[in-house]
Amino acid sequence: MTDSILEKLNDKQIEAVKIVDGPVLVISGPGSGKTRCLTHRIAHLISAGVRPQNILAVTFTNKATEEMRNRVSHLLNFQFPISPGLASAWPRAGNFQFPLIGTFHSICARILRNEIGRLGYSRSFNIFDDDDQLSLTKKIMAELEIDTQRFNPRGVMNKISSLKTELKFPENYDGEDFYSRMVAKIYKNYQSQLQKMNVLDFDDLIVLTVKIFKNYPEVLDRYQEMWRYILVDEYQDTSYDQYVLINLLGQKYRNLFCIGDDAQSIYQFRRADIRNILNFERDYPEAKIIMLEQNYRSTKNILNAAQEIISNNKSQIPKSLWTDNNSGHKITVKESINERMEAQFIVEEVEDLAAQGYKLRDFAVLYRTHAQSRAIEEAFVAKGFPYQIIGGIKFYQRKEIKDILAYLKFINNPNDIASFERIYNIPPRGLGKGVFEKISRQDEPNLIKAVAALSKEPAPPRQSKAIAQFLNLLNDLSELKTTKKLTDIIKAVVKKTGYENYLINLSLSKSDDHETNDERIENLKELLTVTKKYDSLEMGEGVEKFLEEIALLQDTDKLKDGEIDQNKQGKITLMTAHASKGLEFPVVFLAGMEEGLFPHSRTLINPVELEEERRLCYVAVTRAKERLIITTAKYRNIFGSTQVNLLSRFVNEIPTKLVDYQQMSWSDDETIYY
DNA sequence: CCATAATTCTTTTTT
DNA sequence: AGAATTATGG
């Protein structure tokens, strides 16, 4: 077995894969076989006698998790007994247990389901998304009578989030200046309300796990014993709290394998801390450090262009990438009049290359912001080219889906007042803000009990009738969790609450909105197909698992991925440069390469952020295997008005001899084009 | 209390 | 330009 595991690897990769014990840090350039290295190492550990259940592999995205699971199970010849899409399942077949591979957040959620009782939460906690987080922040600021015009709630929220990431807990933080003292006050309030609601935000998942590990050494010890071999992917993207978490888990057996590339660090805005690479060398001085510099992915021209771009950054670990691949084509740079012409050019180029034998699945269009997708989509629709967008339109962010999810969340956790606030009068049932205030003043965290208490108080007849009916509904709903399967629960929720009729009536009143209505009902049906796979789980467990998974899921359409393979041609993939990390395509379009867009205008004043933009550009460029086509628009519509943009500095950083520059083929009056 | 009108953001990137 | 939030009136 060992031979076949090492067969297709180069010397450096073999070195990294073969070390069983002790800390290892691998710096791996783009296309240097990082995932291969990780997966083969897992297989090698197992063949060297390590028990699979003693292995933990941590990734950043669900996509990476899925990929790694598939490749490891292929290497091990492992058949998943349950649907592999069930990300939180812990698969086993017979006595063989599969190694645990998951994102930071999903692994912590799993730990917390078992251990969080120690911190005064219960195991059925709900997870807040960004919107929930922001509205709670706003609510607290209103309660504390803080002017949200002067102090942006989003800024406050970010500050709270960074305090958490730095492991500054509300009980130990009071702030050092006016602003941070104010934030500290909001923070304390925010956290105590979360706890009362039995809800965690994204940061809590990591931070509370760390808290438990620090305060309860016997718990930490159990997990250290369980996960004696730890692998961390995309190590450059870890934040301080994640670093501490990994360090706590790894410090006993010291079999810590971290792989990453400082040049591909693109999440510092989300508090990824590049110093974690340096800290690793400090905390594990015995660590082996291995550089993977051979690129298997791109042509020489593409790789050289990427290196020229990144060489303009001051801070980076020196490395020299090389490839045996051909020089390949020059990089196309095409300037268009506006974003519609740009999209038009991309469509034509796809047609040309498809005629040369490329399949649609070979193409990716990358851009800096989601907003850019629209013009390109329109062009593809007009041509009838199938495409898929990664990220962007969030299925689970649609109103009707969020409403139903709020019901589910409330059923799962009747302390969740945020979900309660969303649904108490959706569909309208005669309960106004006044009633809601009364309910929340009951000083009873369980809201069903709070409503029950209120129903005993005297009130105007119409109101008390509405409250009594509502109480019946809530009781009916809360029974569902223990008696029904997930899809049945959702069906029952839609029916019992009258939600479907509500949607129909809603669109009837807005006369011209037939499509929206159909779409919404379609979306609800879609939700039911997604949830089917949870029906095999135990009653209450299905709800819990489902809610956890969608809370931790970012790109939404992945649940429909099966369709892609059925079509031999596949689809063109559209996504942000961020979302493209870890992927590769024969042909990559890099759209909107203009000053102010990429690099984004908000980064131009800050040299640190500008370097991050450059790394992002480096990531985008190195996704391409054979062809890289850069497009720009001279005039671009932003916020409804037209902007004149210059060519991105990153494009100018590519040596001209690598570029085939296609000048704008237009000389007449340009104004008619925008 | 709810539907419509007026207004004010929004588009950086995501677990 | 479009979405989202707030103001207003029935």
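To be clear, the structure that these remarks concern was listed above.
Residues numbered from 1 in each chain as written. Chains lettered and ligands numbered in written order. Predicted model: local features only at pLDDT ≥ 70, side-chain atom pairs only at ≥ 80, totals over all residues. Heavy atoms only, no water.

Visitor: Outline helix α5 (residues 104-115), listing residues and values.
Guide: Its twelve residues place the ends of α5 16 Å apart at the C-alpha level, agreeing with the 16 Å of an ideal helix rising 1.5 Å per residue. Along α5, ten of the twelve residues are buried, which leaves the element largely enclosed by surrounding structure. All of the buried residues in α5 are F104, S106, I107, C108, A109, R110, I111, L112, R113 and E115. (Helix = DSSP H or I, 4+ residues; strand = E, 2+ residues; numbered from the N terminus. Expected span 1.5 Å × (residues − 1). Buried < 20%, exposed > 50% of the residue type's maximum accessible area, 1.4 Å probe, protein only.)

Visitor: Give a detailed account of the nonpolar core, specifying residues and quantitative values.
Guide: Side chains of a nonpolar character, in soluble globular proteins, are inclined to be buried together. Ranked by size, the top nonpolar core spans 69 residues in total, and within it Y396, F420 and F546 carry the most contacts. The next biggest cluster of nonpolar side chains, apart from the first, holds 48 residues, and it includes L167, Y223, Y243 and F280. (Core = buried A, V, L, I, M, F, W, Y, C linked by side-chain atoms within 4.5 Å.)

Visitor: An account of the pairing of strand β16 (residues 572-576) is requested, with residue identities and associated values reported.
Guide: Counting buried positions along β16 yields five of five residues, so the element is predominantly enclosed. Along β16, one buried face is formed by I572, L574 and T576 and the opposite face, lined by T573 and M575, is buried too. Pairing of strand β14 (residues 363-367) with β16, which is carried by four bridges, proceeds in the parallel orientation. Following the sheet pairing, Y367 is matched in β16 by T576. Strand direction decides the pairing type here: strand β15 (residues 387-389) and β16, joined by three bridges, are parallel. Bridge assignment links Q388 to a residue of β16, and that residue is T573. (Pairing = 2+ DSSP bridges.)

Visitor: If you had to explain the packing of helix α19 (residues 447-455) against helix α20 (residues 461-483) to someone new, which residues and values would you point to?
Guide: Packing of α19 against α20 leaves a shortest axis separation of 10 Å and a crossing angle of 150 degrees. The orientation of α19 relative to α20 falls into the category roughly antiparallel. The handedness of the crossing between α19 and α20 is left-handed. The residues of α20 that touch α19, namely those facing I448, V451, A452, L454 and S455, are I467, F470, L471, L474, N475 and S478. Broken down by class, the residue content of the contact of α19 with α20 amounts to eight nonpolar, three polar and no charged. (Axes fitted to C-alpha atoms, helices over the stretch in contact; angles between N-to-C directions. Parallel < 35°, antiparallel > 145°, perpendicular 65-115°, else oblique. Left-handed = near helix turned anticlockwise from the far one by under 90°. Contact = heavy atoms within 4.5 Å. Nonpolar A, V, L, I, M, F, W, Y, C, P; charged D, E, K, R; others polar.)

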